[in-house]
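Coordinate analysis (summary)
Listed below are the residues making up each chain.
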Amino acid sequence: MLSDFPLWPEQASTIASDVDALMTFLCVVTGTVSVLIFVVIFYLAIKYRRTPENQLAQDYEPPKALEAAWIIIPFLVFMFMFVWGSWLYFRIQRVPDNALDIYATGKQWMWKFQHPSGQREINTLHVPVGRPIRITMASEDVIHSLYFPAFRVKADVLPNRYKEMWFQATRTGRYHIFCAEYCGTLHSGMTGWVEVMEPTDYQKWLAGGAEGSLASQGEKLFQKYACNTCHTNDATGRGPVLLGLYGTNVMLTNDATVVADENYIRESILNPQAKIVKGFTGIMPTFQGQMSEDDLLKLVSYVHSLGAQKTAVVPVETPSSIKTSAGSPLNPGAGNKGTKP
Amino acid sequence: MSSVTLHDVRFVEPEGTRNYITHDYGALSWLLTKDHKRIAILYLFSITALFMLGGFFAVVMRIELLTPEGDLLTSDTYNKFFTLHGIVMIFFFLIPSIPAVLGNFLLPLMLGAKDLAFPKINLLSWYLYMIAAVMGLYIIITGGVDTGWTFYTPFSTQYSNTHVFGVTFAAFIVGFSSILTGLNFLVTIHRMRAPGLTWFRLPLFVWAMYATSIVQLLATPVLAITLVMLMFERVVHVGIFDPALGGDPLLFQHMFWFYSHPAVYIMILPAMGVASEVVAAFTRKKIFGYAFVAYSSLAIAFLGFLVWAHHMFVAGISVYSAMIFSFLSYFVAVPSAIKVFNWTATLYRASVALMTPMLYILGFIGLFTIGGVTGLFLAAIGLDVHVTDTYFVVAHFHYIMVGGAVMAYMAGLHYWWPKITGRMYPEWWARLAALLIFAGFNLTFFPQFILGYLGMPRRYHAYAPEFQVLNVMSTAGASVLAVGYALPLVYLIWSLWYGRKAGPNPWGAVGLEWATSSPPPMENFHETPVVTWDAYDYPAMMKAMGETQNV
C-alpha cells in the first residue's frame, strides 16, 4: 500500500523553520552551481566535440585569474554557510531558562520517559505546546540517538553520561520519535510518538493517569514479582528474552510453534509448564491465584510493549553458546527464522 | 620546448614478442609473480569477486526495503547485511580498487620504471589482502557480524553476539596490505622516476597516488591501533571504550574517524587522478591549472586529517569543537572545488571525444559535484543535527564513493583496458552500460536525499509507511544499476578473445604507458626512457601525429 507521499517534513518546533530556511538557501545556491556546471560541461562537450576538422585542441590557456576566482569566491560562500550553520547550532544547543524538564532513558530497544510529576511512559511522550522542553537523558546500555524529525533535533544518548536536548513545539499533533544511532537487533523498532497537546490537555493528562500507562505500571509489577531476576532480557537470563517477543512465532520443546499473543503470554504467567520454550527448562513457578486480573493485564501489556516490531526476532543466545560460538554458526535454534548471509 | 617529442620515443615490441601475460604459464607463475602488472591482475580478480559479494548484500537490502515492514529478512540478518555491505565495499573493494589495480599496473609504466620499488612487498600485500578476505568470507559463512562497519562501542565490545573479533582482525590485516601498498608507491615515486621526469612533469594520476599513499601510510596505523584496543576490550574486558569498565565510547569514535575520514580520501583521490588522465586524453589538452590540481591533491590529503569530528556533531562534543571542525570541513571543500572547475575549464576549445571513459568521467564530475555540495549541507552544524544519521548521509557518501570513486574506477578500467589486455572493449555496449549506471545510480540515490530530510534514519530494517514511495524508487534504480554493473563483466570478458586488437596507443594519448606495447612486455620498456616533455604535451604530439595520420 502506498500511502501519502511527502517531500518536505512537517514543521512543528520553533527551530524547524530556521533549519528549513538554511536548507532552502543551500539547495538554491548549490543547486544553481551544480546545474551551471552540468550545463557548461554539456555545452562545451558538444561545441568542441572531436570532428575530422577538430582533431586537435586549440593552443589556448584560459586566464590564470580564473583560478584565483574559483578559490576565493567559493571560500567566501562557504564561510557564509559556516556562520549561518554555527548560529543555528548555538540556538539548538542553548537551552532556554524556563524549560520544562523531562527525563529520558534509552535502552535496547525502547524509549522511557519520565515526567517530573512521576508520570512514566514508554515509546510515547506527551508534551505541552508552546513551552520549551528540556530532555535530560542517558542510556542503560549502548549508544542510542533520540530524534524528533518534526522538531529538527536529535542527540546521541550515551551510557553513563547525561546529555541534554531541547525543543519547543509549535503545533499540536502526533510526530515520530526515532532512534538514529544503530543499537542492535531492533534498532528500527526503537520508535515512538510524541504527542504535542494544548497546555490544559497536558495538565489533564498529567492528572488523569498519575500511575502511568498500563505498560509502565506493568513494568513496576515486573519488578515487584521479581520477574526480572530470570527474564533479564539479555544473554545471561535463565528465562527467555521478552524483548521483541510479542507477535512472533516461538518454538517449543516439543518442536511445535506458537504465536506469542496475549493469550500465550497470559498462559505462560499463570501456567508456565504448559508451553516451554525450546532451549529452556521449566523452572518458573506458577502465578495462578497470586495475581489479580488487573495486574495480569498490566503485565501482559508490558510484555506487549516490549515487542516493538512485528517482524520475527532471533532470540539472543544462551550464555554457554556465546562462549563456544567463535567460528560456529551463530544463529541459535529456538524460533530462529534468520537466514545466514 | 624540447625538440624531442614523445612521438619519437616508442618502445613498441615487434609483433610476436612475449608480453607480461604470455611470458610464463601456469598458476604458480601468477601466484608467485613479482611483476607489478600480474599482481594488478590478481587484485583485479579479487576485488571484482568482492564487489559482487558486496553488491549482493546491497541488492537484498534494497528488495527488503520495498515494503515498510521487515518481511524478507529478520532484523538480525538485515543488520548483518548492511554491516557486511559496508565492510566488504570499503575495506575490500573501494580502498584497494584504483590504487591496487590501476595504480599497481600503471605507476611503473607512467614513471618509466621496470617495476615498483619493492616487488616482493607488493606480492605480500596481495597475500595479506587475500588472507583477510578469506577470513572475512569464513566469518560471513559462519554467521557474520552486526555492528555496522563503524564498530561503535560499547555495542561492539559488550553487546553484540556476533563475530566482532574475527571481522576486526580481518580489517586489521587488510589495513597492512594498504599500508604496504602506500609505502611501496611512495618510495617508487620518489626513487624510480625516469631520467628527466621531474615532479612537475608527472601525470596527475601519479600526484594523486602520491597523496593517497601518504594518507594510507599515516592514517591506517591509527585504525590498526583502534581495532587492537577494541579486540582487547572485547576479549579481556580492559576498560578503554566501555563506560561500564571506566572507558569512554567517544574516544573510540575519535580514533575510528581519525582513520575513517581520511579513508574517504584514499577512495576519492585516486578517482580524481583517473579523472585528470581521462579528461586530458579525451580533450587532447593539458589539464587547466596543472599545478593547482596537483597541489590540491596534497591539500586534500593534509586537510583530510583535520576534519574527523564532523562525524560526531550530535555525539557529545563541545559546541566550540563542533565549530572548529565545521570550519575545517568547509576548508577541505575548496581544493575539491578547484579540481571540478579545472576539469570543466579544460573542455574549453578542446577536441572532446565522448568515448566510454570520457562518458564515465563526465558522469563522475557531475555526481562528485552533487556528492561534494551535499557535504556542505552536512558541514553546516545546525543543519547536520537534523540530517546526520539519516538517509541524507547515506545518499551523500554514495554519491562520493559510488558516483565518484566507482565511476572513475570504471572509467580507468575502460581507458587502460587496451593497455592491460591488448584488446578493445566493444564501444557501443560500454556506452550503454555507462548510461545505465549513471541513470540507475541517480534513481537509486537521489530519492534518498529527500528521505533523509524527511527524517528516515539509516540502518532501518522497517520504516514508517510514508517513506515507501521514495524507497520503491530507490529499489527500482538499484535494479537498473545492477544491470549496468553486470554488462561490463560480460563484454570485458568477451573482449579478451573477440575484442579488436588495440595496438600500443588506441586513444592517441600521451604518457609513457602509451609508448610501450599493449600488453606491455615483462620489463615494461626495453630501454630506459628519457623524458624531455611536460605531462599532457598534446600540442607537440599532435604536431608530430598530424604529419602522419589521424587516430
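Since this is a predicted model, take the numbers as computed values, not measurements.

Focus: the overall build of chain B
Of the regular secondary structure elements, chain B holds 16 helices and zero strands. Taken over the C-alpha trace, chain B has a radius of gyration of 23 Å; the compact-globule value for 551 residues is 24 Å, and the two agree within 12%. The C-alpha extent of chain B, read off along each of the three principal axes, is 75 × 45 × 45 Å. For chain B, buried positions account for 64% of its 551 residues. Of the contacts formed within chain B by residues at least 6 apart in sequence, a portion of 85% connects residues at least 24 apart.

Side note on the domain arrangement of chain A
Residues and elements named next belong to chain A. Domain annotation of chain A identifies domain 1 (8–45 + 95–211) and domain 2 (214–317). Inter-centroid distance (C-alpha atoms) of domain 1 to domain 2 is 31 Å. With 12 residues of domain 1 at the contact, the number on the domain 2 side is nine residues. In terms of residue count, the dominant contributor to the side of domain 1 that touches domain 2 is strand β3 (residues 120–122) (three residues). Looking at side-chain class alone, the side of domain 1 that touches domain 2 contains five nonpolar, four polar and three charged residues.

Things to note about the sheet that holds strand β4 (residues 124–128) of chain A
All names here are of chain A. On the basis of which strands lie adjacent, the open sheet formed by five strands has the order β4-β10-β9-β6-β7 and mixed pairing. Only two strands of the sheet have a single partner each, and these edge strands are β4 and β7 (153–157). On average, each strand axis in the sheet is tilted by 20° relative to the strand beside it, whichever way the strands run. Looking at chain direction, β4 and strand β10 (residues 192–197) are connected through five bridges and run parallel. Looking at β10, one finds that Leu 125 is bridged to Val 194. The strands touched by helix α3 (residues 199–208) within the sheet are β4 and β10, with β4 carrying the most contacts at an inclination of about 130°.

A short note on the packing of helix α3 (residues 75–111) of chain B against helix α7 (residues 204–236) of chain B
All names here are of chain B. Where α3 meets α7, the closest approach of the two axes is 10 Å, and the angle between their N-to-C directions is 125°. Classified by the angle their axes make, α3 and α7 are oblique. Read as a crossing pair, α3 and α7 show a hand that is left-handed. On α7, the residues touching Pro 99, Gly 103, Leu 106, Leu 107, Met 110 and Leu 111 of α3 are Phe 205, Val 206, Met 209 and Thr 212.

Re the interface of chain A and chain B
For interface size, the figure often reported is the accessible area lost on association. Across the contact, 99 residues belong to chain A and 95 residues belong to chain B. Of all the elements, helix α2 (residues 65–93) of chain A adds the most residues to the side of chain A that touches chain B, at 19 residues. Class assignment for the residues of the side of chain A that touches chain B results in 59 nonpolar, 24 polar and 16 charged.

Section: the environment of A:Glu267
Residues and elements named next belong to chain A. Positionally, Glu 267 belongs in helix α5 (residues 262–270). In sequence terms Glu 267 and Gln 288 are 21 residues apart; their C-alpha atoms lie 9.4 Å from each other. Contact partners of Glu 267, with chain neighbours within four places excluded, come to Ala 274 and Lys 275.

Concerning the nonpolar core
All names here are of chain B. Counting residues in hydrophobic clusters, the biggest one holds 269 residues, and the most contacted among them are Ala 271, Ala 275, Ile 361, Phe 364 and Ala 408. For this core, the element with the most residues is α3, which contributes 23 residues. In contact with Ala 271, other than residues within four places in its own chain, are Ile 98, Phe 364, Gly 404, Ala 405, Ala 408 and Tyr 409.

Considerations on the sheet that holds strand β2 (residues 110–114) of chain A
Residues and elements named next belong to chain A. Taken in spatial order, the five strands of this open sheet run β3-β2-β1-β5-β8, and their pairing is mixed. Pairing within the sheet leaves two strands with one partner each, and these edge strands are β3 and β8 (163–168). Direction aside, the axes of adjacent strands within the sheet are offset by 25° on average. As paired strands, β2 and β3 are joined by three bridges and run antiparallel to one another. Looking at the pairing, Phe 113 lines up with Glu 121 of β3.

Thoughts on the pairing of strand β6 (residues 144–148) of chain A
All names here are of chain A. For β6, the buried fraction is high: five of the five residues fall into the buried class. Side chains His 144, Leu 146 and Phe 148 of β6 all project onto a buried face; the interleaved residues Ser 145 and Tyr 147 project onto the opposite face, where all are buried too. Pairing of β6 with β7 involves five bridges; the strand directions are antiparallel. The residue of β7 that forms the bridge with Ser 145 is Asp 156. The antiparallel hairpin formed by β6 and β7 contains four residues in its connecting segment, where Arg 152 sits at a positive phi of about 65°. Relative to strand β9 (residues 173–179), β6 runs antiparallel, the two being bridged by two bridges. Paired with Leu 146 across the strands is Cys 179, a residue of β9.

Digging into the environment of A:Asp255
All names here are of chain A. The topology assignment puts Asp 255 in the loop between β11 (249–251) and β12 (257–259). Judged by the 7 C-beta atoms lying within 10 Å of it, Asp 255 is exposed. Residues Asp 255 and Asp 234 lie 21 residues apart in sequence; the distance between their C-alpha atoms is 23 Å.

A closer look at the confidence of the model for chain A
Close reading of the predicted structure is inappropriate where its pLDDT is low. Here chain A averages 83 in pLDDT, while 86% of its residues score no lower than 70. Note that residues 309–341 of chain A has pLDDT below 50 and, in this model, 88 contacts with residues that lie over four places away or in other chains.

Quick look at the packing of helix α13 (residues 391–421) of chain B against helix α14 (residues 427–454) of chain B
All names here are of chain B. Packing of α13 against α14 leaves a shortest axis separation of 7 Å and a crossing angle of 170°. As summarised for this structure, α13 and α14 are arranged roughly antiparallel, according to the angle between their axes. When you trace α13 past α14, the crossing you get is left-handed. On α14, the residues that touch Tyr 391, Phe 392, Val 393, Val 394, Ala 395, His 398, Tyr 399, Val 402, Gly 403 and His 414 of α13 are Ala 430, Phe 441, Phe 445, Gln 448, Phe 449, Leu 451, Gly 452 and Tyr 453.

Considering the environment of B:Glu427
All names here are of chain B. By the element assignment, Glu 427 lies in helix α14. We classify Glu 427 as partly exposed; it has 13 C-beta atoms within 10 Å. Considering only alpha carbons, one finds Glu 427 and Val 167, 260 residues apart in sequence, at a separation of 40 Å. When sequence neighbours within four positions are dropped, the list of residues in contact with Glu 427 reads Met 355 and Thr 356.

A word on helix α1 (residues 16–47) of chain A
Because each turn of an α-helix spans 3.6 residues, side chains separated by three or four positions end up pointing in the same direction. For α1(A), with 32 residues, the first-to-last C-alpha span of 45 Å sits near the 46 Å given by 1.5 Å per residue. Within α1(A), burial applies to A:Ala16, A:Val19, A:Thr30 and A:Ala45. Each element contacted by the buried residues of α1(A) is listed here: α2 of chain A together with α11 (356–379) and α12 (381–387) of chain B.

Observations concerning unusual backbone geometry
Note the cis peptide between A:Gln108 and A:Trp109, where omega equals -5°. For the bond from B:Ser518 to B:Pro519, the omega torsion is -15°, close enough to zero to count as cis. Mapping B:Pro519 onto the fold places it in the loop between α15 (468–498) and α16 (538–548). Here A:Asn123, not a glycine, exhibits a phi torsion of approximately 60°, which is positive.

Reading guide: rules and limits
- Residues numbered from 1 in each chain as written.
- Chains lettered and ligands numbered in written order.
- Predicted model: local features only at pLDDT ≥ 70, side-chain atom pairs only at ≥ 80, totals over all residues.
- Helix = DSSP H or I, 4+ residues; strand = E, 2+ residues; numbered from the N terminus.
- Rg over C-alpha atoms; globule rule 2.2 N^0.38 Å.
- Buried ≥ 20, exposed ≤ 12 C-beta atoms within 10 Å, placed from the backbone.
- Contact = placed C-beta atoms within 7 Å.
- Domains from an automatic or database assignment.
- Nonpolar A, V, L, I, M, F, W, Y, C, P; charged D, E, K, R; others polar.
- Pairing = 2+ DSSP bridges.
- Axes fitted to C-alpha atoms, helices over the stretch in contact; angles between N-to-C directions.
- Parallel < 35°, antiparallel > 145°, perpendicular 65-115°, else oblique.
- Left-handed = near helix turned anticlockwise from the far one by under 90°.
- Core = buried A, V, L, I, M, F, W, Y, C linked by C-beta atoms within 7 Å.
- pLDDT = per-residue confidence, 0-100.
- Expected span 1.5 Å × (residues − 1).

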